[in-house]
Amino acid sequence: MGKQKTKKFAVMKRMINLRDQRIKEKDRAKPKEKKKKDPSELKEREVTKYPSCLFFQYNTQLGPPYHILVDTNFINFSIKAKLDIVQSMMDCLYAKCIPYITDCVMAEIEKLGMKYRVALRIAKDPRFERLPCTHKGTYADDCLVQRVTQHKCYILATVDRDLKRRVRKIPGVPIMYISNHRYNIERMPDDYGAPRF
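- Under the annotation held in an unreviewed UniProt entry, the protein carries the name rRNA-processing protein FCF1 homolog and is attributed to Fundulus heteroclitus.
- According to UniProt, the comment filed for the protein under the heading Sequence similarities (unreviewed entry) is "Belongs to the UTP23/FCF1 family. FCF1 subfamily."
- Regarding the protein, the UniProt comment filed under Subunit (unreviewed entry) reads as follows: "Part of the small subunit (SSU) processome, composed of more than 70 proteins and the RNA chaperone small nucleolar RNA (snoRNA) U3."

**What about the overall build of the protein?**
Link 1 in the chain: A tally of helices and strands in the protein yields 6 helices and 8 strands.
Link 2 in the chain: Written out in order from the N terminus, the α and β elements of the protein read β-β-β-α-α-β-α-α-β-α-β-α-β-β.
Link 3 in the chain: Here the C-alpha atoms of the protein give a radius of gyration of 27 Å, more than 25% beyond the 16 Å that 2.2 N^0.38 yields for 197 residues.
Link 4 in the chain: Counted over contacts in the protein with a minimum sequence separation of 6, partners at least 24 positions apart contribute 61%.
Link 5 in the chain: For the protein, the exposed area adds up to about 15,200 Å²; of that, 53% sits on carbon and sulfur atoms.
Link 6 in the chain: Computing the positive centroid from 42 side-chain charges and the negative centroid from 23, the protein places the two 10 Å apart.

**Some words on unusual backbone geometry**
Link 1 in the chain: The peptide bond linking Pro 64 to Pro 65 adopts the cis configuration, its omega dihedral lying at -5°.
Link 2 in the chain: Positive phi, normally seen in glycine, also occurs at His 181, with a value near 60°.
Link 3 in the chain: Owing to a relative accessible area of 58%, His 181 belongs among the exposed residues under this scheme.

**Some remarks on the pattern of salt bridges**
Link 1 in the chain: Per the stated rule, a full pass over the model turns up 7 salt bridges.
Link 2 in the chain: With a shortest N-O distance of 2.8 Å, Asp 103 and Arg 130 are connected by a salt bridge. Remark: Arg 130 occurs in strand S5 (residues 129-131) and Asp 103 occurs in helix H3 (residues 103-111); sequence separation between them is 27 residues.
Link 3 in the chain: Asp 103 gets classed as partly exposed once you look at its relative accessible area, which sits at 28%.
Link 4 in the chain: Each of Asp 84, Asp 125 and Arg 127 takes part in a single network of salt bridges with overlapping partners.

**Details of the confidence of the model for the protein**
When pLDDT is low, close inspection of the predicted coordinates is not appropriate.
Link 1 in the chain: The pLDDT averaged across the protein works out to 85; a share of 92% of its residues lies at or above 70.
Link 2 in the chain: Low confidence marks residues 191-197, where pLDDT is under 50. Its contacts with residues over four positions away, or in another chain, come to 21 contacts.

**Concerning the sheet that holds strand S3 (residues 66-70)**
Link 1 in the chain: Reading across the sheet, the 6 strands line up as S5-S4-S3-S6-S7-S8 and stay open at both edges, with mixed pairing between neighbours. Looking at strand neighbours, the two that pair on one side only are S5 and strand S8 (182-186), the edges of this open sheet. Each adjacent strand pair in this sheet contributes to an overall mean axis angle of 35°, direction not counted.
Link 2 in the chain: Against the sheet, helix H2 (residues 85-93) makes contact with S3, strand S4 (97-102), strand S6 (154-157), strand S7 (175-179) and S8, and its axis sits at roughly 50° relative to S8, the strand it touches most.

**A closer look at the packing of aromatic side chains**
Link 1 in the chain: Using the criterion set out here, one finds 2 aromatic pairs in the structure.
Link 2 in the chain: Summarising the aromatic geometry, the rings of Phe 74 and Tyr 183 are spaced 4.8 Å apart at their centres and angled 45° between planes, so their arrangement reads as tilted. In this pair, Phe 74 is assigned in helix H1 (residues 72-80) and Tyr 183 in strand S8, connecting sequence segments 109 residues apart.
Link 3 in the chain: Look at Tyr 100 and Tyr 154: their rings are 5.7 Å apart centre to centre, the planes differ by 75°, and that puts the pair in the edge-to-face class. Separated by 54 residues along the polypeptide, Tyr 100 in strand S4 and Tyr 154 in strand S6 bring together distant segments of the chain.

Conventions used here
Residues numbered from 1 in each chain as written. Predicted model: local features only at pLDDT ≥ 70, side-chain atom pairs only at ≥ 80, totals over all residues. Heavy atoms only, no water. UniProt positions renumbered as here; feature names shortened; annotations may be inferred. Helix = DSSP H or I, 4+ residues; strand = E, 2+ residues; numbered from the N terminus. Rg over C-alpha atoms; globule rule 2.2 N^0.38 Å. Contact = heavy atoms within 4.5 Å. Areas by Shrake-Rupley, 256 points an atom, 1.4 Å probe, with all protein chains shown as cover. Lys, Arg positive; Asp, Glu negative; His and termini not counted. Charge placed at Lys NZ, Arg CZ, Asp CG, Glu CD. Buried < 20%, exposed > 50% of the residue type's maximum accessible area, 1.4 Å probe, protein only. Salt bridge = Lys/Arg side-chain N within 4 Å of Asp/Glu carboxyl O. pLDDT = per-residue confidence, 0-100. Pairing = 2+ DSSP bridges. Axes fitted to C-alpha atoms, helices over the stretch in contact; angles between N-to-C directions. Phe/Tyr/Trp six-rings, centres within 6.5 Å; stacked < 30°, edge-to-face > 60°.

Given below as structure tokens:
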């Protein structure tokens, strides 16, 4: 029996360069002309714009009543820790708190099924304000990051590490999380009256 011929994988056909002399003149690619830079011309640079509500890292839009964007896992972990969400938020911040829930987060909880029906019932609580989403898809993390970037008046309540990491890069947005069976806040300026543990 003869040797079996092995097939070579990821072998590409060699292609001729578009500037090759063997190609007809009309089909050949023209060489790029370099533009001469004028030294007297003004240089344009794009500088990132920061909202006027920020004074360095200090966010002037934050103040009672606090607007708190709630994530899916924050509700689930609150149930596990047996915490009443609105009451625990008020205990943490010593002020009135309005929890907000986006359509994406609501859709995410609905997708989780019957196991998380308690979380769904809490999310449909009349004390929670609903925020409609205009974008496509139901990926809640992107939605929350976009909302927090646009409007600096929110505190983000989440337990998700990746989401926390993303939000920490945005200046002036405090993060609420759960530790030791109570809510804590991260990156909140002392002047707001928030407790520091």
